Amino acid sequence: MKHSVPRGDTYVWMTGGFLALCVIMITGMLLLIVVQGIGYFRPRPIDQFALQGDAEAETILGQVYSREDIPGDVAMTLGYDPAARPVRYLVRVGNRELFAQDFRWVNGPDVGMVTRPANAVCLERVEYGNAYGFVHSLRLGANRVIDSEIDAWDVFQKIHETLRGLLEQIKAREKDELGELNYQFEQHRLEVKALEYRLANGRIDSASYETRKTEIVAAMANLEQSLRLHQAALDSMRRIAREPVLVLRALGSSGEDLVDIPVASIVRAYKPNSMTATATLRFYASKVWEFLSDDPREANAEGGVFPAIFGTVMMVLLMTMVAVPFGVLAALYLREYTSGGAMVRIVRIAVNNLAGVPSIVFGMFGLGFFVYFVGGGIDALLYPERLPAPTYGTGGILWASLTLSLLTVPVVIVATEEALAAIPRGIREGSLALGATKWETIRRVVLPSATPGIMTGAILAMARGAGEVAPLMITGVVKLATEMPFDSHFPFFHLDRKFMHLGFHIYDIGFQTSNVEANIGMVYTTTLLLIGIILFLNMAAIMVRARLRERYRTAGF
Amino acid sequence: MFRDNSLVDQTAVRRRVRRVWSNGAAGFFISLGGVGVIIVVLAIFVFIGYETIPLWTQPSLTEIADLHFSHPDEVLIMGENEYRSLGYAVTGTGELIFFSPSDGTELARHRIPSMTNVTFAAIDPTQKKILAIDSNQFGLILSLPTTYTQVSDLDSRGITTTPFALIEPFTAPIADFSVSGQDDFYAVIAGDKSPPVLVTSRGASLFAGSTPEIVQAKLSWDYSAAVSSVAVDKFGERVVVSTTTGRAFYWDVRDPTNPIMVQSIALSDTEITATKFLLGGQVLIVGDAKGRITTWTWALDSASVNGLSMVRLNEFDGHTGRVTAIASALRNKSFITGDATGEVFLHYQTGGRTLLKSRGSASTRALTISPRGDGILILAADGSISIDSLYNPYPEASLRTLFGKIQYEGYDHPTYTWQSTGGTDDFESKFSLVPLLFGTLKGALYAMVFALPVAILGALYTALFSHPRIRNIVKPIVELMAALPSVVIGFIAALWLAPLLETRFVDAVVIVVLFPLSVLAASLLWRLLPHAAKNGFLSGSELIVLVPAIVLFMILGTYIAPEIEAFLFGGSFRQWLYESANVAYDQRNSIVVGFAMGFAVIPIIFTISEDALSGVPAHLTAGSLALGATRWQTATRVVLPTASPGIFSAAMVGFGRAVGETMIVLMATGNTPVLDFSAFVGMRTLSANIAVEIPEAPYLGTLYRILFFSGLLLFAFTFLVNTVAEIIRQRLRKRYSTI
C-alpha cells in the first residue's frame, strides 16, 4: 500500500532543518566552551619530540596546547601534501632563559618519535613562565647540595610549601606595610598640592603656608626613611627565601642546559607523566581554585581572575542598586499615576525602544556626560589641586555602573510594567474600597503582587549588565586593576577607581596580548565562568519568578 | 459616639492626616522620580545631539583693535606670540616694533642690528624666525626665543641674529621662508632679472650657540618671464617658483647644493601673485591676479624625475581683486587670503571650503594667523594693522568632508577615507563616514542573509508544526542564545571560527550544500520507515531525526571536502582564490562577521516572529485545515500572510541590532575602514569605530564631536527602526484581536 505524502511536507522538514541548525549551533558552541574551558586546567602531559626536519635533528620537551591543520598554501610551500591534511602542534616549551618564545609550532610531518619521560617535570613560576626539564639537583646553601634526582625531588616537595609561603608573606607585608606608608606619603603630597593651590588663590597667607609645609615635608622625610628601612628588611628576607635553588636539566637548542630556579619562585611543580588519579584531581582542584581566587600573572595569561570576578560583581551590584529603584519608580508612575493618554503611549514605546539602542551609544553618553561633564565638574569643585590629574574626571566603577544602569533601566521598567499590568483591577479596587489610600494600596497590595515580575526584571537586568562590554571599555574598565574599589582608607569605597571585568578580560587576553594562541585556554575558561554567571542569573530569574508567583498566588487569594 | 472621647478622636485625626500626607508625598515622589527617570533616559538623545551642534557653527571674525603707528613707518611683516599677549612688526627702517595685540598700544622699539634699509622681510609660519634683506644684499635671520610673553624677554640676549651675504643682487626681492621642527631654516629669494637663490641652514640646533652653516644655491633656468612669487616648504624639500605668466616651476631641493627642477606646470592662466605652503608642506596655495585661489598637492607619478608631480586639489571662492597675501595656520589646514580690494577670506583645504568672508577698506598687504589659530593680523596698504580674533574651532567637519568624496593631500584622485589621526601633528585628518556606513550596512546585511532564513523558518516550524513538547525544549534553548554576551560570540567567531574557516573554507561550503540534502535524506528516511516504527513518535517531532542527520552530514562534509578542495582548487582554496580570482582572503572577513552577528540576532528575530506566527487566531488555521489544506498550505496561504507584518517587524528589529552591534565586529573584523564589496575582507562599522577611537579623542575636539555625530546617526537609525517595528507589531496585535 502506498503512503500519500501531504503536499509541502518536504518544506515542513526544511523549516525543521533550520530550527535543528539553531539548536545544533547553540549546543555546539556551549559544548565547545565547556570542553575547552574545563580541559584547560588538566595536567597536560610533557611530550618529548624528536624532530627530523630539513634542519638538524633536535629534541624538544614541552606540553602540547593545541593541534590544527596546516593551511593548504602553507603546506604546499613546506613541501607537504595538502590532501593528506598535515597537522601542526602548538608546543609550550617554556624555559624563557633558553628560548626566545614560550610557544613554538611543530609541524606533524617533521616529528620522528614522541616519548613521555616519566620523570619530566613542569615548574610553574611566578615570573618567566613555565620551565620544563628534569630535576638535576637541589642546592640548599653554598655547600649543601642534594645530587640524587629522587632525593632532590623529595626534599624539594618538603620545603617548597614553606618557602613559597614565606615569599607570599613577604609579598603580603610589602603590600600592607609599604602600601600603607606609600598611601600616607601620597596623602602628604596631595596636601602640599592643596596648600599650594590655596596659596595661589589667596585663601591662606604665606606664613601659615610655610609652617604647614615645613611640617609636612618633615613628615614626608620620616616616611621616606621608614620606607627605606622596611624595604631593606623585606629585601633581605626575600634574599634568604630565594636562596634554595632547584637545578633543572633542560633541553636547550644545543643540547642540555642546567638552569637554576629559586624554590620560592615556583608556584607549582608537577610531573604530569607519572601522576596518580588523586594527584591529578588535586592538581585540577588547585588550578581551579587559583583561577577563582588569585590575581592574574604574566600579563593576564596565567594565574586567576579574582579581581575580574570581583569587579564584575561589584559593578553589577552598583548598577542594580541604581537601575531597580528608579526603574520601579518609573514603571509605577507610568502605570499607576498617569491616565494612559497618547503621550504615555509614546513614552512607553520610546522606553521600550531604548533597549534596542546600541550599547556603545550608551557608553559614549557615559563618557561624555558622566566622566567628562559630571566627573570633570566634581574634580574642578572638590579636587582642583590635583588637576590636571583627574580623580572623577576619568573612567571609574561608578561611572561604568551608572552607564550600565541607564542601559538596563528599560529592562526593569518593561518587566515592572508588565507585572503591574497583570494585577487584576479587582484587587486594587478592593483595597481602595476598604478605605486604603492609593499609596497604601500600592505599598501593601500592588507592589507585593508585582514583586516576582520586578525581581525577574532585576535579575534579567543583572544578566544583561554582566555581559555588556562595549560601554564599559570606554567608561572605566582596565586590563589590570591592582587596587580594589574599597580598602581600609577613608572613605573605604573608592568609586572613582578603575576595575576589571570578566567580559573585558576575554577581549583583552584574546585580542590585546601578543601570544593569542597561547592564551586561548585562559579565554575559554574565563568565558565559561562568565557564561556560567549569566546563565545562573537567567535561571535564577526563571526560578524566582516561578516560586514567588506561587507564593503570592496562595497569599493573595 | 466617639465624639465624647477626645483622645481617640485626636489619634484618628492624626493618623488620617499622616495617611493623607504620606499618600500625597508618595504620589509626589513617584511622579517626580518617574518623570525624572524618563527625562534622564530620553535626555541621552538630547545630550548626544547637543554635543554635535558646535560642529555646525559658523566661524567668525571680530576686530579687537586697529594699530596705527606714531610715525608712518612702512611695516613689512608682523607676528605674535602663542598667547596673543605680545606682537611685533618689522619696518622698512630696520626697526622691530612691539605692540600689545589686546588693545593695539605700542610697547617698545628695537633696532635690528646692522640693518638700516630693509627692503624685504618674511616670517616663518611658527612666527619664531624673521628673514630680513636690506638694500646692500645683506640677509639676516632673527630668531625669537621659544617662549616670550613680555618685551623684557626679548632683550639683546633673547633675540639672536644670523647674518649672511647674498650671493646674488636683488633689486626688489621677494622671498619665502620656513623653519623645520629641528630649527633648520630654508629661504628662497628671487628678484627682478636675477635667478632665485635658495638659502639653507641645517644643523642649527645641534650645537647651541654655534653659528649654523649657511648654504646658498642658484636655481637657474631659461624661462624669460619674471618671477612673481616663491614658496618653500618646512622640510626644505620643495620649492615652487611662480611667474607672471601663470607658469610655475617645481624644484626638488632635498640636496641644497644641487637643486633639481622636476616639473614646469601652469598653475594659472594669468600672473600668479601669491603662493604659500599649507601646514605639513604637502599642499601649495596659489593666488592669482584675477583673484582666484587654488590648492595643489604632490602625488606619486612614475614619469616624474623624483617620482612626484604636482596635481590640482581644490578651487575656493575667488576674490574680487588680485590676491596679495596668503597665510596658513599652524594647528590645522586653514588658511587666509587677502586681495587688493581689502577682502580677507578664511578657507579650509580639506573639502575645499571657504569658511568666512570679510571686507576691509584698504588693500591687504600682508596677513598672519596667530600661532594657536585664534586670531589674525591684517596689514593694510595704509600701514595700519588690524588685530582680529578668530573663532574657527571645527573647520574639519562639514557635510562634504563627512559624506563626500574628497581628494586629500598627496592623492591624485578623490576618495572616501576614514583616517582620523596620523603620526604627525600636521596630519590631514580624513573624516569620511562613508566607509564606516558602508561597513555597518555590509556587516548587517551579511548577518541578515544568514539570520533571516534560519530565524524565520525556525520560528515557522516552532510556531506551526512542532509538537508542544519539542517547543518547550527549543524555545528556552533559543532564549539561552539571546543571553549569551556578544563578547563571547565575538571571541568564538574571531579565535575559533575565523582560523578554522581560513583553513577549511571549502568544508564550510560543502556543509552548506549538504544541509538541504541532509534534510531531504532525513525526510526520505522517515517516509521509508515502517508505520510501526513511527508510532512511538509524535507528529511534529521531526527534530529528533533532523538533528542527528544534519550532524552526520556535517561530519561527512569534513571528510569529502579535502578531496573536493584538491580536485577543484589544487589543494588550497585560499591560494586558488588569490591566484585565479585575484581576491585576497582576510582571516577576519565579512563571512565570519555575518555568521557571528547573525548568530547574535537570530534569537530576537526568532522570538518576535514566533510571537507573531503563534498569535494568528486559531480559528483561521483550524478553518484552513478543516477545509482540507495540508499544514504547509495552511502555513503559506493563511498564517504567513496574516503574520507577515510581524515577521517584517522582527527583521527590522534584528537589522537594528546588527547595525549597532559592537563587540562582535570589533573582534571578528580587521577593523580596517575599507570600501570593498568582497566577502573575503573585513570592515569597520560605526559602532566599532566609536569603541576604538573615542578613548583617544581629545574632549570636545573635532574627532570627539564627529564620533558623537556618528553615535547620533546610530541612535537615530536604531530608534527609528525599532519604533516603526513596534508600531507595526501593535497594529498587528489589534488586528489579531479583531479577526
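Our focus in this paragraph is the overall build of chain B. Helix and strand counts for chain B stand at 15 helices and 30 strands. Relative to its length of 739 residues, chain B is extended, with a C-alpha radius of gyration of 37 Å against a globular reference of 27 Å. The buried share among the 739 residues of chain B stands at 56%. With the model as given, the accessible surface of chain B reaches about 31,000 Å², and the carbon-plus-sulfur share is 60%. Within chain B, one finds 53 positive and 59 negative side-chain charges whose respective centroids are separated by 16 Å.

Moving on to the sheet that holds strand E22 (residues 323–328) of chain B. Residue and element names in this part refer to chain B. Read across the open sheet, the four strands follow the order E22-E23-E24-E25; overall the sheet is antiparallel. Whereas interior strands pair on both sides, the edge strands pair on one side only; in this sheet they are E22 and strand E25 (353–359). On average, each strand axis in the sheet is tilted by 20 degrees relative to the strand beside it, whichever way the strands run. Pairing between E22 and strand E23 (residues 334–339): five bridges, direction antiparallel. The residue of E23 that forms the bridge with Ala327 is Ile336.

On to a nonpolar patch on the surface. On the surface, B:Val551, B:Ile555, B:Leu556, B:Tyr559 and B:Ile560 cluster together into a nonpolar patch covering about 450 Å² of accessible area. Mapped onto the elements, B:Val551 comes out in helix H8 (residues 542–569).

Our focus in this paragraph is the interface of chain B and chain A. Listed by partner, the interface residues are 108 residues for chain B and 92 residues for chain A. Each partner contributes to the roughly 8,900 Å² buried at the junction of chain B and chain A, and carbon and sulfur atoms together form 80% of this total. Taking the shortest distance from any N to any O, the salt bridge between B:Arg19 and A:Glu440 comes out at 2.9 Å. Counting across the interface, chain B meets chain A through eight residue pairs in polar contact (both at pLDDT 80 or more). A per-element tally of the side of chain B that touches chain A places helix H1 (residues 6–52) of chain B first, with 20 residues. Looking at side-chain class alone, the side of chain B that touches chain A contains 71 nonpolar, 26 polar and 11 charged residues.

Residue and element names in this part refer to chain B. Taking strand neighbours across the sheet as the criterion, the four strands line up as E18-E19-E20-E21 in an open arrangement whose pairing is antiparallel. The strands lining the two open edges of the sheet, one partner per strand, are strand E18 (272–277) and strand E21 (308–316). Taking the axes of each pair of neighbouring strands and ignoring which way they run, one obtains an average angle of 25 degrees across the sheet. Relative to E21, strand E20 (residues 293–300) runs antiparallel, the two being bridged by eight bridges. By the bridge assignment for E21, Ile293 is matched with Phe316.

Right, let's talk about the nonpolar core for a bit. Membership of the largest hydrophobic core comes to 221 residues, with the highest contact counts inside it found for A:Tyr507, B:Ile48, B:Val487, B:Phe491, B:Ile602, B:Met663 and B:Ile694. Among the elements that line this core, the one with the most residues is helix H6 (residues 306–336) of chain A, at 16 residues. Residues contacting B:Met663, with those up to four places away along its chain left out, are A:Val469, A:Ala470, A:Met473, A:Tyr507, B:Ser486 and B:Val487. Residues B:Ala65, B:Leu144, B:Tyr148 and B:Ile387 belong to the second largest nonpolar core, which totals 33 residues.

So, about the domain arrangement of chain A. Considered domain by domain, chain A is made up of domain 1 (46–132), domain 2 (145–243) and domain 3 (309–484 + 494–502). Taken over C-alpha atoms, the centre of domain 1 of chain A sits 51 Å from the centre of domain 3 of chain A.

All names here are of chain B. Domain assignment breaks chain B into domain 1 (2–56), domain 2 (60–418) and domain 3 (434–738). Centre-to-centre, using C-alpha coordinates, domain 1 lies 46 Å away from domain 3. Contact with domain 1, which involves 10 residues of that partner, is made by 11 residues of domain 3. Three residues, Phe45, Glu51 and Leu55, lead the burial of domain 1 against domain 3; their summed loss comes to 52% of the area buried on that side. Between domain 1 and domain 3 we count zero salt bridges in total.

Residue and element names in this part refer to chain A. Its location among the elements puts Glu58 in strand E2 (residues 58–69). On the basis of relative accessibility, which here comes to 18%, the residue Glu58 falls in the buried class. At a separation of 3.2 Å, a polar atom in the side chain of Glu58 contacts the side chain of Arg104.

What follows covers the packing of aromatic side chains. To describe a pair of aromatic rings, you give the distance between the ring centres and the angle between the ring planes. Overall, the coordinates contain 50 aromatic pairs over all chains when judged by the stated rule. Taking the centre distance of 5.1 Å and the plane angle of 25 degrees together, the rings of A:Tyr11 and B:Trp632 count as stacked. In this pair, A:Tyr11 is assigned in helix H1 (residues 9–39) and B:Trp632 in helix H12 (residues 631–660), connecting two distinct chains. Residue B:Trp632 is classed as buried on the basis of its relative accessible area of 17%.

So, about unusual backbone geometry. A positive phi angle is found at A:Tyr128, which is not glycine, with a value near 65 degrees. Along the polypeptide, A:Tyr128 turns up in the loop between strand E6 (120–125) and strand E7 (131–139). You will see that B:Gln127, though not glycine, has its phi angle at about 60 degrees, which is positive. Using a relative accessible area of 2% as the deciding quantity, one classes B:Gln127 as buried.

Where helix H13 (residues 502–511) of chain A meets helix H5 (residues 486–503) of chain B, the closest approach of the two axes is 9 Å, and the angle between their N-to-C directions is 15 degrees. Compared by their axis directions, H13(A) and H5(B) come out roughly parallel. Considering how the two elements wind past one another, H13(A) and H5(B) form a crossing that is left-handed. Contacts from A:Gly503, A:Ile506, A:Tyr507, A:Gly510 and A:Phe511 of H13(A) reach H5(B) at B:Val487, B:Val488, B:Gly490, B:Phe491, B:Ala494 and B:Leu495. Of the residues contributing to the contact of H13(A) with H5(B), the split by class is eight nonpolar, three polar and no charged.

Glancing now at the pattern of salt bridges. Residues and elements named next belong to chain A. This structure, assessed with the given rule, holds 53 salt bridges over all chains. The partner of Asp260 in a salt bridge is Arg139, with the nearest N and O atoms 2.9 Å apart. With a gap of 121 residues between them, Asp260 in strand E10 (residues 255–262) and Arg139 in strand E7 connect regions that are remote in the sequence. By relative accessible area, which is 29% here, Arg139 ends up partly exposed. With a closest N to O distance of 2.9 Å, Glu191 and Arg212 form a salt bridge.

Here we take up the packing of helix H4 (residues 468–483) of chain B against helix H10 (residues 590–614) of chain B. Residues and elements named next belong to chain B. Relative to each other, H4 and H10 sit at 135 degrees, their axes nearing to 8 Å. Here H4 is positioned oblique relative to H10, judged by the angle of their axes. H10 is crossed by H4, and the crossing has left-handed handedness. Of the residues in H10, those in contact with Arg471, Lys475, Val478, Met481 and Ala482 of H4 are Phe599, Ile602, Pro603, Phe606 and Glu610. By residue class, the composition of the contact of H4 with H10 is seven nonpolar, no polar and three charged.

All names here are of chain B. With five of six residues buried, strand E26 (residues 364–369) is to be regarded as a mostly interior element. One ladder, built from five bridges, connects E26 with strand E27 (residues 375–380); its direction is antiparallel. What sits directly across from Thr364, in E27, is Ala380. The loop that links E26 with its antiparallel partner E27 comprises five residues; one of these, Gly373, has a positive phi angle of about 75 degrees.

Here is what the cut-offs are and how they apply
- Residues numbered from 1 in each chain as written.
- Chains lettered and ligands numbered in written order.
- Predicted model: local features only at pLDDT ≥ 70, side-chain atom pairs only at ≥ 80, totals over all residues.
- Heavy atoms only, no water.
- Helix = DSSP H or I, 4+ residues; strand = E, 2+ residues; numbered from the N terminus.
- Rg over C-alpha atoms; globule rule 2.2 N^0.38 Å.
- Buried < 20%, exposed > 50% of the residue type's maximum accessible area, 1.4 Å probe, protein only.
- Areas by Shrake-Rupley, 256 points an atom, 1.4 Å probe, with all protein chains shown as cover.
- Lys, Arg positive; Asp, Glu negative; His and termini not counted.
- Charge placed at Lys NZ, Arg CZ, Asp CG, Glu CD.
- Pairing = 2+ DSSP bridges.
- Axes fitted to C-alpha atoms, helices over the stretch in contact; angles between N-to-C directions.
- Patch = residues over 30% accessible without salt bridge, like charges linked within 9 Å, V, L, I, M, F, W, Y side chains within 5 Å.
- Salt bridge = Lys/Arg side-chain N within 4 Å of Asp/Glu carboxyl O.
- Contact = heavy atoms within 4.5 Å.
- Buried area = accessible area lost by both parts, 1.4 Å probe.
- Polar contact = N/O pair within 3.5 Å; in protein donor to acceptor, adjacent residues only side chain to side chain.
- Nonpolar A, V, L, I, M, F, W, Y, C, P; charged D, E, K, R; others polar.
- Core = buried A, V, L, I, M, F, W, Y, C linked by side-chain atoms within 4.5 Å.
- Domains from an automatic or database assignment.
- Phe/Tyr/Trp six-rings, centres within 6.5 Å; stacked < 30°, edge-to-face > 60°.
- Parallel < 35°, antiparallel > 145°, perpendicular 65-115°, else oblique.
- Left-handed = near helix turned anticlockwise from the far one by under 90°.

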